Amino acid sequence: DSGVTQTPKHLITATGQRVTLRCSPRSGDLSVYWYQQSLDQGLQFLIQYYNGEERAKGNILERFSAQQFPDLHSELNLSSLELGDSALYFCASSVRSLRGGEQFFGPGTRLTVL
Amino acid sequence: ILNVEQSPQSLHVQEGDSTNFTCSFPSSNFYALHWYRWETAKSPEALFVMTLNGDEKKKGRISATLNTKEGYSYLYIKGSQPEDSATYLCAFETSYDKVIFGPGTSLSVIP
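Scoring rules and cut-offs
Residues numbered from 1 in each chain as written. Chains lettered and ligands numbered in written order. Predicted model: local features only at pLDDT ≥ 70, side-chain atom pairs only at ≥ 80, totals over all residues. Heavy atoms only, no water. Helix = DSSP H or I, 4+ residues; strand = E, 2+ residues; numbered from the N terminus. Buried < 20%, exposed > 50% of the residue type's maximum accessible area, 1.4 Å probe, protein only. Pairing = 2+ DSSP bridges. Contact = heavy atoms within 4.5 Å. Buried area = accessible area lost by both parts, 1.4 Å probe. Salt bridge = Lys/Arg side-chain N within 4 Å of Asp/Glu carboxyl O. Polar contact = N/O pair within 3.5 Å; in protein donor to acceptor, adjacent residues only side chain to side chain. Nonpolar A, V, L, I, M, F, W, Y, C, P; charged D, E, K, R; others polar.

Attention now goes to the environment of His10(A). Relative to the assigned elements, His10(A) resides in strand 2 (residues 10-13). C-alpha separation for the pair His10(A) and Pro25(A), spaced 15 residues apart in sequence, amounts to 19 Å.

As structure tokens, then:
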């Protein structure tokens, strides 16, 4: 158990809908990262937050947004869902803005868009 | 476009064999190179983080080396065991806070 929690574990929804994925980092970690793993693709970096502020952006679609709250938990919002958004979404946390430190991954949320 | 490559894509070895994999990454904007172990139905688990050219890290039977000038890292497993079966991921951390993962090397150790 890495100490990073993600909810829900599974989510099934329809195209066009909007969902919110939640991540709670390890106690004391200030940075949260979101990754997407689609079928036959590696882990794709979406976005990083550090102490409530966006720090780095990867291949995140405009239909997706994220935020980190004062209590450091983070939410990833996915809207106007398409079939291709079906994937495993991981959240990871680190003490600071990585900088050569370790990332600890949560168990992931499996999103299925029908 | 920053690209991280790993080879081989998959590997099947006999128990007791030693093996190694390669991670190739851009030699510019380098900050750190991470190795992860990812077992089926679990989440990636950090093995090593290396930041300096020539770094070598070791954890039990697993070790890793780093060459930032030529942009590659090797992961070695000595005396493979069935419990080593997993996908091994490397991740390139840039100097501007992005993290780019390679596609992974899938290792199967046959008892």
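For the rest of this paragraph, the subject is the pairing of strand 8 (residues 72-77) of chain B. Residues and elements named next belong to chain B. Taking every second residue as pointing to the same face, the buried face of strand 8 carries Ser 73, Leu 75 and Ile 77, while none of Tyr 72, Tyr 74 and Tyr 76 on the other face is buried. Strand direction decides the pairing type here: strand 3 (residues 19-24) and strand 8, joined by six bridges, are antiparallel. Opposite Thr 19, over in strand 8, you have Ile 77 as the bridge partner. For strand 7 (residues 62-67) and strand 8, the ladder comprises six bridges, and the chain directions are antiparallel.

Moving on: the interface of chain B and chain A. At the junction of the two partners, chain B supplies 19 residues and chain A supplies 20 residues. When chain B packs against chain A, close to 1,600 Å² is buried across both sides, 59% of that on carbon and sulfur atoms. Ranking the residues of chain B by area buried against chain A places Asp97(B), Val99(B) and Phe101(B) at the top, with a combined share of 33%. Where chain B meets chain A, there are one salt bridge. Residue Arg55(A) pairs with Asp97(B) through a salt bridge whose shortest N-O separation is 2.8 Å. For the pair chain B and chain A, the number of links is four residue pairs in polar contact (both at pLDDT 80 or more). Those elements that place two or more of their residues in the side of chain B that touches chain A are strand 4 (30-38), strand 5 (45-50), strand 9 (86-94) and strand 10 (99-101) of chain B. Within the side of chain B that touches chain A, the residues separate by chemical class into eleven nonpolar, four polar and four charged.

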